[in-house]
Amino acid sequence: MASQKEILSDGRFSRVAKDPRFWEMPEKDRKVKIDKRFRAMFHDKKFKLKCTVDKRGRPVNYTSVENLRKFYALSESDSELSEDDSEVRAEKKKKKKKVKPEEAADS
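Residues numbered from 1 in each chain as written. Predicted model: local features only at pLDDT ≥ 70, side-chain atom pairs only at ≥ 80, totals over all residues. Heavy atoms only, no water.

Per an unreviewed UniProt entry, the protein goes by the name ESF1 protein and belongs to Alectura lathami.

Participant: Which residues make up the pairing of strand 3 (residues 59–63), and what are the values?
Facilitator: In this structure, strand 2 (residues 50–53) lies alongside strand 3, joined through three bridges in antiparallel fashion. Within strand 3, the position partnered with V53 by the bridge is P59. (Pairing = 2+ DSSP bridges. Helix = DSSP H or I, 4+ residues; strand = E, 2+ residues; numbered from the N terminus.)

Participant: Tell me what's going on with the environment of T52, and back it up with residues and numbers.
Facilitator: Relative to the assigned elements, T52 resides in strand 2. In this structure the C-alpha to C-alpha distance between T52 and T63, which are 11 residues apart in sequence, comes to 8.8 Å. What T52 contacts, discounting residues up to four positions off in sequence, is R58, P59 and V60. (Contact = heavy atoms within 4.5 Å.)

Participant: Explain the nonpolar core residue by residue, including any values.
Facilitator: In terms of nonpolar packing, the biggest core is built from five residues, these being I34, M41, F42, L68 and L74. Apart from residues lying up to four places away in sequence, F42 is in contact with I34, V65, L68, R69, Y72 and L74. (Core = buried A, V, L, I, M, F, W, Y, C linked by side-chain atoms within 4.5 Å. Buried < 20%, exposed > 50% of the residue type's maximum accessible area, 1.4 Å probe, protein only.)

Participant: I'd love a proper account of the side chain of S75, names of residues and values included.
Facilitator: With respect to the helices, strands and loops of the structure, S75 is situated in the loop between strand 4 (72–74) and helix 5 (76–106). In this structure S75 touches K33, I34 and D35, once residues within four positions along its chain are discounted.

Participant: Tell me what's going on with the side chain of S64, and back it up with residues and numbers.
Facilitator: Along the chain, S64 turns up in helix 4 (residues 64–71). Of note is the side chain of S64, whose polar atom sits 2.8 Å from the backbone oxygen of F47. When sequence neighbours within four positions are dropped, the list of residues in contact with S64 reads F47, K48 and L49. (Polar contact = N/O pair within 3.5 Å; in protein donor to acceptor, adjacent residues only side chain to side chain.)

Participant: Break down the pattern of salt bridges for me, citing the residues and quoting the values.
Facilitator: Enumeration over the complete set of coordinates arrives at five salt bridges. A salt bridge links R12 to D10, with the shortest nitrogen-to-oxygen separation between them at 2.8 Å. Here R30 makes a salt bridge to E24, at a shortest N to O gap of 3.6 Å. Judged by its relative accessible area of 43%, R30 falls in the partly exposed class. Judged by relative accessible area, E24 falls into the exposed class, the value being 70%. (Salt bridge = Lys/Arg side-chain N within 4 Å of Asp/Glu carboxyl O.)

As structure tokens, this is what we get:
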């Protein structure tokens, strides 16, 4: 089998190396950028699907959230917001857990 270098040096295929349609897509452009309206799909239980077998029946252990992270990325400005929001949500959950025992003691 001919090597890649030999194929590209062949006159019939030399345009392939220079044509941008055949270049690989840059890593940063591969993922679809989504805005803050859809960031809930990364942590919402409605979007999480636990798979035990893949489409060919082989056993696997991953969730659909991993696939979402592989194909989608938050836009630059929203990714900073999502990190801050996750911290705020964690604090709210802690406060809610602390508030519930106090309410039970008052009644």
